[in-house]
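Structure at a glance
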Amino acid sequence: MQVIKQTVLGLMATLCMGAAAPAWADYPDHPVRVVIPYPPGAAGDIIFRILQPELSRELGQTVITDYKTGAGGNIGTQMVARSKPDGYTLLFSVTNNFVINQFLYKNMGYDPFKDLYVINKVADAAALVYVNGQLPVNNMAEFREYVQQRKGQVNYGTPGAGTTPELSAWKLSEVMEGDMLGIHYRGSAPGIQALLSNEVQMFVSSYGLGAAFLPEGRLKALAVALPERLPVLPDVPTLDELGYKDVVISNWWALAVPAGTDTDIVGKIETALENVLANPEIRQKLLDQGYLLSKVSAEEFRKGLPAEADYWHDIVTKAGISLD
C-alpha cells in the first residue's frame, strides 16, 4: 500500500508540475496566422511578404497570411480582436484600423484601444502625390493651377472611403481650392489602374504601387509626404518644402495581437519582429520599395496613438465623412 501511495503521489506531483507550466513556454508550437484586412497587392501585402520568411525563421514556425477584407479593414480587424488571445492570430494593418475608423463607423464591432494590443509600428508607406502622365503638369504649382482652371472637373482616386489616402486627397483638394471629385475603389491596385487610364487624374499612394510606371512617364510623382526626400526618388520634393505641411499624411503599418495576450508571448513576438527589422537585407528591401522603418520604440509608438487619433478625429469631423 505504501508503494502504491507513493506512486500515486508521484503521479499527482508530476501532473501538477505539468499543469503549472506556463502556456507560453512552448510558444509557438504550431503555425502563426497573420490577418491582413486588405486585398493582396496593397501596400501591407508588399511589406509583409518581405518580412514573412524571416519572421517564420525567428519564431521557429510557419507564419501564414490570411486576407479578410471589407468594411475599410474592419472585418479582418474585428476577427482578430475577437479571437483567442493566444498569440496564434495576429493583425497586420494600417493607420485606419487603429486610429481613424472609430470616427467613421458608429459600430465597428471592436474598440482598437480596448480590444487590440499593438506590438509595434513596422514601416511608414510614404505617400506620394501621383498624377496621370498625360496631364500637362510637372510640379505641384502647375497642378494647382490646372485644377483651379477646371474646378469640379478633376477627379482623384482613393483606395476606399475614409482611408488615409482619401482623407489626404480631400485635404489637398481643399487647400488647392480645386473642388476635385473623389472616386472610391476597392483597394489601391484598382485605383492605380484607374489613374493609368486617366479615369482619375490624381491618386495618393505608396511608392511601391506606382514606381514601376514612373520611368515610362505613364505616371508623374509630384511630391512626397515625408520630413525629408525619399532616397529612391531624390528629385521629388517633399510637401513640406512646397508649403503643404501636414496636408497629406503617410500611412503606417503595425503588427498587433488581441488584448489580453500573455505578456511573455507578446515579448516573444516583439523580439522576433525587432530582429527581423534589424536585418540589413530586410531593411534594404523595404527601402527599395519606398517604405521607411520606424524610428521610435514600441512604447513611444503606443503612447502616441491617442494623440494621433485626436488628429484624425478632427479631420474626419471637418470633412463630414460618415460611413454608416
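Scroll up to find the structure this text is about.
Let me begin by describing the structure that accompanies this report. (Residues numbered from 1 in each chain as written. Predicted model: local features only at pLDDT ≥ 70, side-chain atom pairs only at ≥ 80, totals over all residues. Heavy atoms only, no water.)

Re the sheet that holds strand S5 (residues 127–132)
Strand order in the open sheet formed by five strands is S7-S6-S8-S5-S9, and the pairing between neighbours is mixed. Where the open sheet ends on each side, the last strands, each with one partner, are strand S7 (181–184) and strand S9 (219–224). In this sheet, adjacent strand axes meet at a mean angle of 30 degrees when their direction is disregarded. As paired elements, strand S6 (residues 155–158) and S7 share four bridges and run parallel to each other. By the bridge assignment, Tyr-156 is partnered in S7 with Gly-182. Here helix H6 (residues 140–149) sits on the sheet and contacts S5, strand S8 (202–206) and S9; the angle it forms with S9, its principal contact strand, is near 110 degrees. Set on the sheet, helix H8 (residues 188–196) makes contact with S5, S8 and S9; between it and S8 the angle comes to about 140 degrees. (Pairing = 2+ DSSP bridges. Helix = DSSP H or I, 4+ residues; strand = E, 2+ residues; numbered from the N terminus. Axes fitted to C-alpha atoms, helices over the stretch in contact; angles between N-to-C directions. Contact = heavy atoms within 4.5 Å.)

Details of the side chain of Gln-201
Locating Gln-201 in the fold gives a position in the loop between H8 and S8. Among the polar contacts made by the side chain of Gln-201, one reaches the main-chain amide nitrogen of Asn-155 at a distance of 2.8 Å. For Gln-201, the side chain forms a polar contact with the main-chain oxygen of Asn-198, separated by 2.9 Å. The residues contacting Gln-201, other than those within four sequence positions of it, are Tyr-130, Val-131, Asn-132, Leu-135, Gln-153, Val-154, Asn-155 and Leu-195. (Polar contact = N/O pair within 3.5 Å; in protein donor to acceptor, adjacent residues only side chain to side chain.)

Some remarks on the packing of aromatic side chains
In this structure the tally under the stated criterion is seven aromatic pairs. Plain terms: the ring middles of Tyr-311 and Trp-312 are 5.2 Å apart, the flat faces sit at 80 degrees to each other, and that makes the pair edge-to-face. What links up through ring pairs into an aromatic cluster is the set Tyr-38, Phe-48, Phe-92 and Trp-253. (Phe/Tyr/Trp six-rings, centres within 6.5 Å; stacked < 30°, edge-to-face > 60°.)

Overview of the sheet that holds strand S3 (residues 89–94)
Across the sheet, which stays open at both edges, the six strands sit in the order S2-S1-S3-S10-S4-S11 with mixed pairing between neighbours. If you trace the sheet from one side to the other, it starts and ends with strand S2 (63–67) and strand S11 (291–293), each paired once. Neighbouring strand axes in the sheet, compared pairwise and without regard to direction, differ in orientation by 30 degrees on average. Sheet analysis places strand S1 (residues 32–36) next to S2, joined by five bridges and oriented parallel. Counted as the bridge partner of Val-34 is Thr-65 from S2. Sitting on the sheet, helix H10 (residues 263–278) is in contact with S3, strand S4 (116–125), strand S10 (251–258) and S11, with an inclination near 10 degrees to S4. This element, helix H12 (residues 298–319), spans S4 and S10 of the sheet and lies at about 90 degrees to S4.

What to know about unusual backbone geometry
Backbone torsion omega between Tyr-27 and Pro-28 reads -10 degrees, so that peptide bond is classified as cis. Looking at where Pro-28 falls in the secondary structure, it is placed in the loop between helix H1 (2–20) and S1. At Glu-177, a position not held by glycine, the phi torsion is positive, near 55 degrees. Examined against the element boundaries, Glu-177 turns out to sit in the loop between helix H7 (164–176) and S7. Judged by relative accessible area, Glu-177 falls into the partly exposed class, the value being 47%. Although it is not a glycine, Asp-246 sits at a positive phi angle of roughly 60 degrees. With respect to the secondary-structure elements, Asp-246 resides in the loop between S9 and S10. (Buried < 20%, exposed > 50% of the residue type's maximum accessible area, 1.4 Å probe, protein only.)

So, the pairing of S6
Burial of the side chains of S6 extends over both faces: Asn-155 and Gly-157 are buried on one face and Tyr-156 and Thr-158 on the other. Strand direction decides the pairing type here: S6 and S8, joined by two bridges, are parallel. Within S8, the position partnered with Tyr-156 by the bridge is Met-202.

Details of the pairing of S4
Burial analysis of S4 places nine of its ten residues in the buried class, which makes it a mostly covered element. Two elements, S4 and S10, share eight bridges in a ladder whose sense is antiparallel. From the neighbouring strand, Tyr-117 faces S10, where its bridge partner is Val-257.

Focus: the side chain of Thr-89
If you trace the backbone, Thr-89 turns up in strand S3. When near neighbours in sequence (up to four residues on either side) are disregarded, Thr-89 contacts Arg-33, Val-35, Val-80, Ser-83 and Pro-258.

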